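Coordinate analysis (summary)
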Amino acid sequence: MSDHLTQMRRRRTFAIISHPDAGKTTLTEKLLLFGGAIQMAGSVKGRKAARHATSDWMALEKERGISVTSSVMQFPYEDCIVNLLDTPGHADFGEDTYRVLTAVDSALMVIDCAKGVEERTIKLMEVCRLRDTPIMSFINKLDREGRSPIELLDEVESVLKIQCAPITWPIGMGSRLKGVYHLISGEVHLYEPGRNFTRQDSTIFASLDDPGLAERIGADMLRELRDELELVEGASHPFDLDEYLAGRLAPVFFGSAVNNFGVQPLLDFFVAHAPAPQARATTTRQVQPEEEKMSGFVFKIQANMDPMHRDRVAFMRICSGRFEAGMKSFHVRSGKEMKLANALTFMASDREIVAEAYPGDVIGIHNHGTISIGDTFSEGEALSFTGIPNFAPELFRRARLKDPLKMKQLQKGLAQLSEEGATQFFKPLMSNDLILGAVGVLQFDVVAYRLKDEYGVECVFEPITVSTARWIHCRDARKLEEFRDKNATNLAIDAAGELVYLAPSRVNLQLTQERWPDVQFAATREHA
Ligand code: G4P
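Residues numbered from 1 in each chain as written. Predicted model: local features only at pLDDT ≥ 70, side-chain atom pairs only at ≥ 80, totals over all residues. Heavy atoms only, no water.

The line we're drawing: UniProt positions are given in the numbering used here, feature names are shortened, and annotations may be inferred rather than shown by experiment.
As recorded by an unreviewed UniProt entry, the protein chain carries the name Peptide chain release factor 3 and is attributed to Tahibacter harae. The Sequence similarities (unreviewed entry) field of the UniProt record for the protein chain holds the comment "Belongs to the TRAFAC class translation factor GTPase superfamily. Classic translation factor GTPase family. PrfC subfamily." Its UniProt record, at the heading Subcellular location (unreviewed entry), says of the protein chain: "Cytoplasm".

**A closer look at the overall build of the protein chain**
Here is the rule we go by: Strands are runs of DSSP state E lasting at least two residues, helices are runs of H or I lasting at least four, and both sets are numbered from the N terminus onward. Remark: exposure states derive from per-residue accessible area (1.4 Å probe, protein chains only) relative to the maximum for the residue type, with buried under 20%, exposed over 50%, and partly exposed in between. Contact definition: two residues touch when any of their heavy atoms are within 4.5 Å.
Counting secondary structure elements, the protein chain contains 15 helices and 33 strands. With 528 residues in all, the protein chain has 55% of them scored as buried. Pairs at least 24 residues apart make up 70% of the contacts formed inside the protein chain by residues separated by at least 6 positions.

**Observations concerning the sheet that holds strand 32 (residues 520–522)**
Inclusion rule: Each pair of strands is called paired provided DSSP finds at least two bridges between the two strands. Angles shown run from 0 to 180 degrees and are taken between the N-to-C directions of axes, each axis being a line fitted to C-alpha atoms and, for helices, limited to the stretch in contact.
An order of 28-25-27-26-30-31-29-32 is seen for the eight strands of this open sheet, with the pairing classed as antiparallel. With partners counted over all chains shown, the strands left at the sheet margins are strand 28 (459–463) and strand 32, one partner each. Between one strand axis and the next, the sheet turns by 40° as a mean value, whatever way the strands run. As paired strands, strand 30 (residues 491–494) and strand 31 (residues 499–503) are joined by three bridges and run antiparallel to one another. Looking at the pairing, L491 lines up with Y501 of strand 31.

**Description of the pattern of salt bridges**
Under the convention used in this document: The term salt bridge refers to a side-chain nitrogen of Lys or Arg lying within 4 Å of a carboxyl oxygen of Asp or Glu.
Scanning the entire structure with this criterion turns up 24 salt bridges. The residue R322 makes a salt bridge to E356 at a minimum N-O spacing of 2.6 Å. On the criterion of sequence distance, the pair formed by R322 in the loop between strand 15 (312–320) and strand 16 (323–324) and E356 in strand 21 (residues 356–357) is long-range, its members being 34 residues apart. Classification of E356 by relative accessible area gives partly exposed; the value is 32%. Here D518 and K479 are joined by a salt bridge, their closest N and O atoms 3.1 Å apart. With D518 in the loop between helix 15 (506–515) and strand 32 and K479 in helix 14 (residues 477–486), the pair connects residues that are 39 residues apart, well separated along the chain. With a relative accessible area of 27%, K479 lands in the partly exposed category. Salt bridges sharing common partners tie together R398, R400, D433 and E462.

**Examining the packing of helix 2 (residues 24–34) against helix 11 (residues 263–273)**
So the rule is basically this: Convention used here: angles under 35 degrees read as roughly parallel, angles over 145 as roughly antiparallel, angles from 65 to 115 as roughly perpendicular, and any remaining angle as oblique. Left-handed is the label given to a crossing in which the near helix is rotated counterclockwise from the far helix by less than a right angle, and right-handed is the label when the rotation is clockwise. Residues are grouped as follows: Ala, Val, Leu, Ile, Met, Phe, Trp, Tyr, Cys and Pro are nonpolar; Asp, Glu, Lys and Arg are charged; every other residue, Gly included, is polar.
Where helix 2 meets helix 11, the closest approach of the two axes is 11 Å, and the angle between their N-to-C directions is 70°. Between helix 2 and helix 11, the interaxial angle falls into the category roughly perpendicular. In this structure, helix 2 crosses over helix 11, and the sense of that crossing is right-handed. Counting all contacts with helix 2, which are made through L27, K30, L31 and F34, the residues of helix 11 involved are V263, Q264, L266 and L267. Looking at the contact of helix 2 with helix 11, its residues break down into six nonpolar, one polar and one charged.

**As for the packing of aromatic side chains**
Heads up, the rule is: Stacked, tilted and edge-to-face are the three classes applied to pairs of Phe, Tyr and Trp rings, where Trp contributes its six-membered ring and a pair requires centres within 6.5 Å; stacked means planes under 30 degrees apart, edge-to-face means over 60, and tilted covers the rest. Each ring is checked for a lysine NZ or an arginine CZ that lies within 6 Å of its centre and within 35 degrees of its normal; such an atom marks a charge sitting over the ring.
Across all of its chains, the model carries 14 aromatic pairs by this definition. Ring geometry for F483 and Y501: centres 6.1 Å apart, planes at 45°, overall tilted. Remark: Y501 occurs in strand 31 and F483 occurs in helix 14; sequence separation between them is 18 residues. Each member of the pair, F483 as well as Y501, carries the same accessibility label: buried. Of the aromatic side chains, those joined through ring pairs into one cluster are F239, Y244, F253 and F269. Its end group placed over the ring of F315, K300 keeps NZ or CZ at 5.4 Å from the ring centre. Sitting over the face of the ring of F444, R397 holds its NZ or CZ atom 4.7 Å from the ring centroid.

**Some words on the nonpolar core**
For the record, the criterion: The definition of a nonpolar core used throughout is a set of buried Ala, Val, Leu, Ile, Met, Phe, Trp, Tyr and Cys residues joined through side-chain atoms within 4.5 Å.
Counting residues in each nonpolar core, the largest one holds 77 residues, and the members touching the most others are M316, F323 and F377. Here this core takes six residues from strand 15, the largest share from any one element. Counting residues in hydrophobic clusters, the runner-up holds 30 residues, among them L32, Y77, M136 and Y244.

**Quick word on the sheet that holds strand 9 (residues 188–190)**
Read from one edge of the open sheet, four strands run 7-8-9-10, paired in antiparallel fashion. The sheet is open, and its two edges are formed by strand 7 (168–171) and strand 10 (204–205), each paired on a single side. Relative to strand 8 (residues 179–182), strand 7 is paired through four bridges, and the arrangement is antiparallel. Looking at strand 8, one finds that P170 is bridged to V180. The strands that helix 9 (residues 219–235) touches are strand 7 and strand 8; relative to strand 7, the one it contacts most, it runs at about 145°.

**With respect to the site of the ligand**
Going by this rule: We call a residue near a molecule or strand as soon as one heavy atom of that residue lies within 4 Å of the molecule or strand. The method behind every accessible area is Shrake-Rupley, applied with a 1.4 Å probe, and residues are considered shielded solely by the protein chains displayed.
Neighbouring residues of the ligand: 16 residues in total, closest D21, K24, T25, T26 and S256. Taking 700 Å² as the accessible area of the ligand by itself, protein coverage stands at 67%. No other element matches helix 2, which puts three residues into the shell around the ligand. Its residues placed into classes, the shell around the ligand shows four nonpolar, six polar and six charged.

**Considerations on the environment of L241**
Structurally, the position occupied by L241 is in helix 10 (residues 241–245). Exposure remark for L241: the relative accessible area of 37% places this residue in the partly exposed category. Sequence separation between L241 and L442 is 201 residues, and the spatial gap between their C-alpha atoms is 41 Å.

As structure tokens, this is what we get:
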């Protein structure tokens, strides 16, 4: 088998989805520990803290208790190379999260055993469902009193509409937690607080019949477990690989991330069964990861990673072929060749220059604004990957400068920051206003803060009467011209130069749509 195919099949690219506080960061850290990417528990949080200290913008992030940026962590485990794409945690950053989820092949859902299915998990699950992304679930914080495991599975099934196949089952909970039973291997992994913190795994008994087990957990507990297992095996679904890969059945694991307990069975199962890189749709055809020619799409931009150099890093998922450092590739949108020289890979320990990358991997490309979210790179074919939309913002504000002489910097700052995709920038046809649209209100604070910090511009964002935006398309050029003339006061141009209708109210939007049946009002714009 060619090297490219072998490498591709080793890749497991996924994201963790959860409600804030369920334990995503803690679990990430333990996974990295197993992957040998970090040596000590506490490193991920330590790394976060170090970054906070060096950047004021990060300080804002910390103040708010949220993570604005998402990163990529690669680590080896068994025969696999695992790519973990972090999703931002706060509800305001839905769009960014959405786009990260377009770049993965599967997801891991973390649930707090005391809280069950929470609101943000429901939303993220809806996004996963759009692409039938396979899901595994980790029910966390077993060291605390939580709800009964059966009740939790029932809730996942009824609220998230996905069948559950428990792979591990808890033996007790909270102060009575003794371990987990592996329903497929028959093993029992003991919970030994203190020991499970490290990489070494807990004591494992090969089966429930192991004479030492009753001694360790008590005969009563063992009897209770056997009774419960009978119930579980009758009431839940058995694991079925095809159903999992189709996104209809979630294997479920129980554990305690902070104690590094129950994590290894999850990771072992994950690398064995989670999908390798999948085919991706473009406007013209499906691109298979087995194809020899390199292709990939950009799903995220991060501006000013180094504010001294005003650089932007575009995060590209490789979809086919093999990426090699310094290779020339075709930037489809501009129609130009670009030499991708200093691409970054994201080993959790550090960023380093990437020599090669395969389907499923994510590389970071430095640029000065030429690359946008949704861009495709190929070895010459005019491919355009689909499914990476811009959503119409729901909140709008007008930027008002404190120092009118800084207009140029303001425009530049707004345009560059909106390239990251969390905000959108509009210029009305009939006025000199600069309008910023966002999905969450927090974004305006972040942008104001970063304009000051990174561009030296002080501005405030004032409310305006815009309720929603729609991208305008019309096949009939004359009709479009007429529409433009009649509605100029409500029209604007977005950062990509597209025409947008800024509706003062929902009613106005509806009336305008009725009045102009030949004009299309799109609620999303595919990055083209
Ligand atoms: P998030 O990224 O999903 O937001 O969650 P994070 O990992 O930051 O975890 C949220 C809190 O839950 C943290 O406590 C963390 O220590 C705790 N936690 C995670 N896993 C477990 C677990 O298995 N059992 C228990 N009991 N707690 C768990 P914190 O007090 O907010 O932070 P810290 O001071 O402990 O770091």
